Amino acid sequence: MNRSLFIIVILLTVAVPAGHAQVAVAPRISSLGISLRYSATPASAGLNADIVNQSFQDVIRSKFARDTARAGLDETMYFRLRSGGVGTKSMLRLRRMSRSQAIGLFAEKRLEVTDGWRQVSKQNAPQNDLYKFKNGRFVGAQVKTHRNGDPSTYVRDMRTDHRAEQFLIPDDHYETTLQYLKQQAEQARAVGDSKNVAFYERQMQRLGKIGASYSQLESEAQLAAKLAQARLISARVGWVITGVMVVPSAYMNFDAYYTGNITGNEFVYNLGKDALSVGAGIGGGALGNSLFKALPWGVGGSAAACVLIVQEGFLILQYGSFEDAFSQPQFWIATGGNIGGAGLGLAGAIYGGQIGAYLGSAFGPVGTGVGATFGCVVGGGTGAAIGSYGGSEVTRVALDLCAPDWVYARYDHKIDKRLGELQAELN
């Protein structure tokens, strides 16, 4: 009895605070969460992953505010920034255009971080994207990024946006554009076109570098898309893994009660176990989400571990004590099933969510979110079912191979005990 009370206290100590983790724990660890959140994502092209992520979030919020309000920031971010994907030709063209626009706006944000430029109000400084003061003098800059790097396209932009003192382009496009301007200036000089000579010479003076190649900008956009996808999965994996670990048990409990295979007390006991498992899983997921927001394995692992603790605790209670539980082959077989279900369920939820988001992006930002949810649920449920059955069977085979005498001795003991009970009833 004392051992049973001890186990219940431990379960409540773990599960009850976990159930309130979203409210009580998250504020206390928020500063820690910031440092850990993207610790597994490498910086790209010299920029910290946090800066890349925050800059692209700002761009997506302002440029695609409608989609963000309707579908969510991460759904829109993944849809707009991910390269390639599936969908109709018009949808893929739309994504390429929006991705190119987002990269151009991100280049401006990047210059704010790396070179001290500031955003300007278009009304106050038309044809200027950024500004800074050099030796007390206002200097404006126009920022352009074209994926193909065609110099003639940049020169056409220079004619349209001619007021800014500097015209900044990706580093790998700088040299070819500069040479193009020199050639055009020489050709204009050869025919006596002094107006165009002056124009091209001025553009050579305006031309400058962003501080990153276009491929670097693209890699940072891809990094931001991956972080958005990870957050999409992280937002779902906690409650999905909790559900796939608890729902089968709850279903069997209700079915057993309504078919008369268990008593009312047993039904309430099992219901309490499932409710406590749900609370622990949701709390563990909330805690993991605060610590590892862009790491689905961390979020889902936290939820699965909390549910597993509760399930194993009640399994021990079922046998009466640690000693009795550990001495029974059925305990280890059930534990193998629990662990297998949690592990494969988590893997299925994460990879299923990734596939779902990828396929769902063919239908826009809303489809991205729906696909991620559907993929998590289907993948998690399938993985949990396979893992639970496989874990139990693997454990059973392992026990038969490694400790057959112990296994069959326990079964013989149970048979002898049952025969004794039947004999007593007959007498």
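Residues numbered from 1 in each chain as written. Predicted model: local features only at pLDDT ≥ 70, side-chain atom pairs only at ≥ 80, totals over all residues. Heavy atoms only, no water.

### Section: helix H10 (residues 194-206)
For the record, the criterion: Helical segments are the DSSP runs of H or I of at least four residues, strand segments are the runs of E of at least two, and each set is numbered from the N terminus. The span expected for a helix works out to 1.5 Å for each residue beyond the first. Throughout, exposure labels follow a simple rule: accessible area from a 1.4 Å probe, protein chains only, divided by the maximum for the residue type, with under 20% read as buried, over 50% as exposed, and the rest as partly exposed.
Across its 13 residues, H10 extends 18 Å between first and last C-alpha, which sits within 8% of the 18 Å expected from 1.5 Å per residue. Of the positions making up H10, those classed as buried are Val197, Phe199, Tyr200, Gln203 and Arg206.

### Details of unusual backbone geometry
Most of the time, phi is negative for any residue but glycine, and the peptide bond is trans. Phi at Asn135 is positive, roughly 55°, even though this residue is not glycine. Tracing the backbone through its elements, the reader meets Asn135 in the loop between strand S2 (130-134) and strand S3 (137-143).

### What to know about the sheet that holds strand S1 (residues 118-119)
Note the following rule: Only strands joined by at least two bridges in the DSSP assignment are considered to pair.
A sheet is described by the order of its strands in space; here five strands give the open sequence S1-S2-S3-S4-S5, paired in mixed fashion. The open sheet has two edge strands, S1 and strand S5 (207-209), and neither has a second partner. Pairing analysis gives three bridges linking S3 to strand S4 (residues 166-169), with the strands arranged parallel. Residue Gln142 lies in a different strand from S4, and its bridge partner there is Phe167.

### Looking at the confidence of the model for the protein chain
Our working rule: pLDDT measures the predictor's confidence residue by residue and takes values from 0 up to 100. Throughout, a contact is declared for two residues whenever any of their heavy atoms are within 4.5 Å.
Chain-level pLDDT for the protein chain is 83 on average; 83% of the residues reach the 70-or-more range. Low pLDDT (under 50) marks residues 1-45, which in the prediction has 71 contacts with non-local residues, meaning those over four places away or in another chain.

### A few points about the nonpolar core
The criterion, for reference: Think of a nonpolar core as a cluster: buried Ala, Val, Leu, Ile, Met, Phe, Trp, Tyr and Cys residues, connected wherever their side-chain atoms sit within 4.5 Å.
Within the largest apolar cluster, 55 residues are counted, with the highest numbers of intra-cluster contacts made by Phe56, Leu81 and Met245. For this core, the secondary structure elements donating two or more residues are helix H4 (49-63), helix H6 (73-81), helix H7 (89-115), S3, helix H11 (214-258), helix H13 (296-319), helix H15 (329-360) and helix H16 (364-402). Examining the composition of this core, we find that 17 residues originate from one element, H11, more than from any other. The residues contacting Leu81, other than those within four sequence positions of it, are Phe56, Ile60, Arg99, Ala102, Ala221, Gln222, Ala224 and Ala225. Ranked by size, the runner-up nonpolar core spans 12 residues in total, among them Tyr154, Tyr174, Leu181 and Tyr200.

### Quick notes on the packing of aromatic side chains
To be explicit about the condition: Two rings belonging to Phe, Tyr or Trp (six-membered ring only in the last case) form a pair when the distance between their centres is within 6.5 Å. Interplanar angles under 30 degrees mark stacking, angles over 60 mark edge-to-face geometry, and anything in between is tilted.
The final tally for this structure, using the stated rule, is 15 aromatic pairs. Geometrically, the ring pair formed by Tyr257 and Phe267 is stacked, given 4.5 Å between the ring centres and 25° between the ring planes. Residue Tyr257 is found in helix H11, and its partner Phe267 is found in helix H12 (residues 264-291); the two are separated by 10 residues along the sequence. Taken together, a centroid distance of 6.0 Å and an interplanar angle of 55° make the contact between Phe322 and Phe326 tilted.

### Describing the packing of H11 against H13
Where we set the bar: In this analysis an axis means a line fitted to C-alpha atoms, helices contributing only their contacting stretch, and an angle means the value between N-to-C directions, from 0 to 180 degrees. Should an angle fall under 35 degrees it is taken as roughly parallel, and over 145 as roughly antiparallel, whereas 65 to 115 is taken as roughly perpendicular and any remaining angle as oblique. The hand of a helix crossing depends on one turn: near helix anticlockwise from the far one by less than a right angle means left-handed, and clockwise means right-handed.
Close contact between H11 and H13 brings their axes to 8 Å; oriented N to C, the two are set at 15°. The pairing of H11 with H13 is recorded here as roughly parallel in orientation. The element H11 and its partner H13 pack so that their crossing is right-handed. Mapping the contact onto sequence places Ala230, Ile233, Ser234, Val237, Gly238, Ile241, Thr242, Met245 and Val246 in H11 and Pro296, Val299, Gly300, Ala303, Ala304, Val307, Leu308 and Gln311 in H13.

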